[in-house]
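Notes for the structure review
What follows is each chain in one-letter form.
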Amino acid sequence: MGTTAVPAGSLAGKAVSGVLWTTGLSVFRDFLQFGVMLVLVRLLAPEAYGQFGLVTAIMGFLTVFSFHSFLEYTLQVRPGIEVDYQLHFTTGVFLQGSVFLLANLVAEVLKHWEKYAQVASLLHVMSILFLLELGHDFRGKMLEREMDWKRLRILEGIGVLANAGLSLLMAAAGAGVYALLVPSLLITIPAFVDLFVVQGWRPNWKWDAAGFAPVWRYGITRVMSGLLIWTRQLMESTILVQLVGFGVYGIYGRALGLATICCLKVPGLFTQALFPVLTKLDPGSDSSSRANTLVFCSVAWPTFPAALIFSALASPVILTLYGARWAGAIPFLPWAMAAGAATALSQTGTVLLIASLQQKCSLYIDAVTLAGAGLCLLVLAPRSLKLYLAGIAAVQTFSFFLILLRLYRKRAIDLRGIGSSLALPAFSASVSFLAVEFARAYLAIPRQTVGGALVCGILFCLIYVLLLRLTSGRQCREVVRFLPGRAYLERWLVLGT
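Let me begin by describing the structure that accompanies this report. The residue count restarts for each chain, going from 1 along the sequence in the order it is written. Local features in this predicted model are restricted to residues whose pLDDT is 70 or higher, and side-chain atom pairs enter the listing and the counts only when it is 80 or higher, whereas totals over whole chains, interfaces and linings include all residues. Excluding hydrogens and water, the side-chain figures rest on all heavy atoms present in the structure.

1. Overview of the pattern of salt bridges
Filter applied, for reference: Salt-bridge detection follows one rule: a side-chain nitrogen of Lys or Arg within 4 Å of a carboxyl oxygen of Asp or Glu. The way it works is that DSSP assigns letters per residue, a run of H or I at least four long becomes a helix, a run of E at least two long becomes a strand, and they are numbered from the N terminus. Note on exposure labels: buried denotes an accessible area under 20% of the residue type's maximum, exposed denotes more than 50%, and partly exposed covers the range between, all computed with a 1.4 Å probe on protein chains only.
Throughout the structure, instances matching the rule amount to 6 salt bridges. Notably, a salt bridge pairs Lys-111 with Glu-108, separated by 3.0 Å at the nearest N-O pair. A salt bridge links Asp-194 to Arg-139; the nearest nitrogen and oxygen atoms lie 2.8 Å apart. With Asp-194 in helix α10 (residues 189-198) and Arg-139 in helix α7 (residues 128-146), the pair connects residues that are 55 residues apart, well separated along the chain. Residue class for Arg-139 comes out buried when judged on its relative accessible area of 3%. Among the charged side chains, a salt-bridge network with shared partners connects Arg-139, Arg-151 and Asp-194.

2. Examining a nonpolar patch on the surface
What counts is decided by this rule: What makes a patch is a set of residues exposed beyond 30% relative accessible area and free of salt bridges, joined within 9 Å when like-charged and within 5 Å when nonpolar (Val, Leu, Ile, Met, Phe, Trp, Tyr). Here the accessible surface of atoms and residues is derived via Shrake-Rupley with a 1.4 Å probe, and residues count as covered only by protein chains that are part of the display.
A grouping of Phe-65, Leu-102, Leu-105, Val-109 and Trp-113 is seen on the molecular surface, where their side chains present a nonpolar patch of about 460 Å² in accessible area. Note that Leu-102 resides in helix α5 (residues 85-110).

3. Considerations on the environment of Cys-456
Selection criterion: When checking whether two residues touch, look at their non-hydrogen atoms; a contact exists if any pair is within 4.5 Å.
Here Cys-456 is to be found in helix α18 (residues 450-471). By relative accessible area, Cys-456 is classed as buried at 3%. Sequence-wise, Cys-456 and Arg-440 are 16 residues apart; in three dimensions their C-alpha atoms are separated by 7.4 Å. Dropping the residues within four chain positions of it, Cys-456 is found in contact with Ile-309, Leu-313, Val-436, Arg-440 and Ile-445.

Okay, structure coming up:
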């Protein structure tokens, strides 16, 4: 199952198609998961979310050693060159089987630690995910390289729907934390079936050490980078559980979860859809710089205002969405939003570095981020979780500036692009917030009520969009081209030429 070269003229169309299908899936998934979450937080205790967070961190850390990083190389193979999927699959079977065994070994070790013994059985169950992901990730990368977004997103949508349904059934049946974990296994099934049943693809167990050498070099670099990223998350989970227990860690995790929805969903959506397209552009070219500017615009423009307004409205947002027993998450939310916004920029910059064949530089910056996060855990976390989040926001911001400097030096972005994609939205969001605060004080609008929060939020969004339209008209036109309903948006924003 090979690939064909993608004509240069069709890349823009493929990018638009990718964003549209990815956006469609994201909207469907986010609304579905958001509705499911509103039910689950009322059925499950904070301790369940604390256990879920720790298991997720352990699974993420173990995933670093899987074949996912090596499979990513298939997207780096330039158009017109055949991808040897048989060679990749043989390696994948070995690596995924090894990580499956490693996960069960870790679970056995955890049984001897009183604080963590209760998650050992959860890890045994979730180790099955590594076996199922073999076909899921493999088929997904095939479709990404072919840019067959429609088929890929439909398969993912079926898995998301199955996951949501089973979560609700298990939670209602009193399954506790298992209702958060086990349904995720279903997400992998549709792509698995599509590869082996619908497509009838079969491995021939090919192996060629010399042919796999460039994949190995790329994969090892990405594994090391992933190891640094997930070491930080595993350290955070284990140390914070030890410091505050599963209950408080679960409440802290709800604040982080909301920050993830507000700050990291859009970056994940755009980078996932555009990464295969970005790898087709020549690093350092004008087209690459222009594309990178648009990616930063697509991420920073919605992330900055979301982080700011949700921080200001933390109390009504938490109480309305989660209920009174999650009120402990309110003081964490502003700092979680700050850390989330900084992380969104850092992660987006990392993707652009990798697309520009700068994976070693990305690795070094990940090492700096890990060192900073470790220092925050040792020095700030024992004093206050809010202080720890502030430290993480500072570390991620510093890492992003390193990434931005590297991109600028490699001509992957210019000063004009930095201004339009980062400086202008930051300025517009700040001015909008000040204007809303002035109006709220003058009109005596209560910010702590749901009605008052809605008024403030709507007024903020209107002012922000107006300022952005006035200061960045050209970039608005280019970004809107990639969005669903672009004809309506062009009329509403008066973007016609």
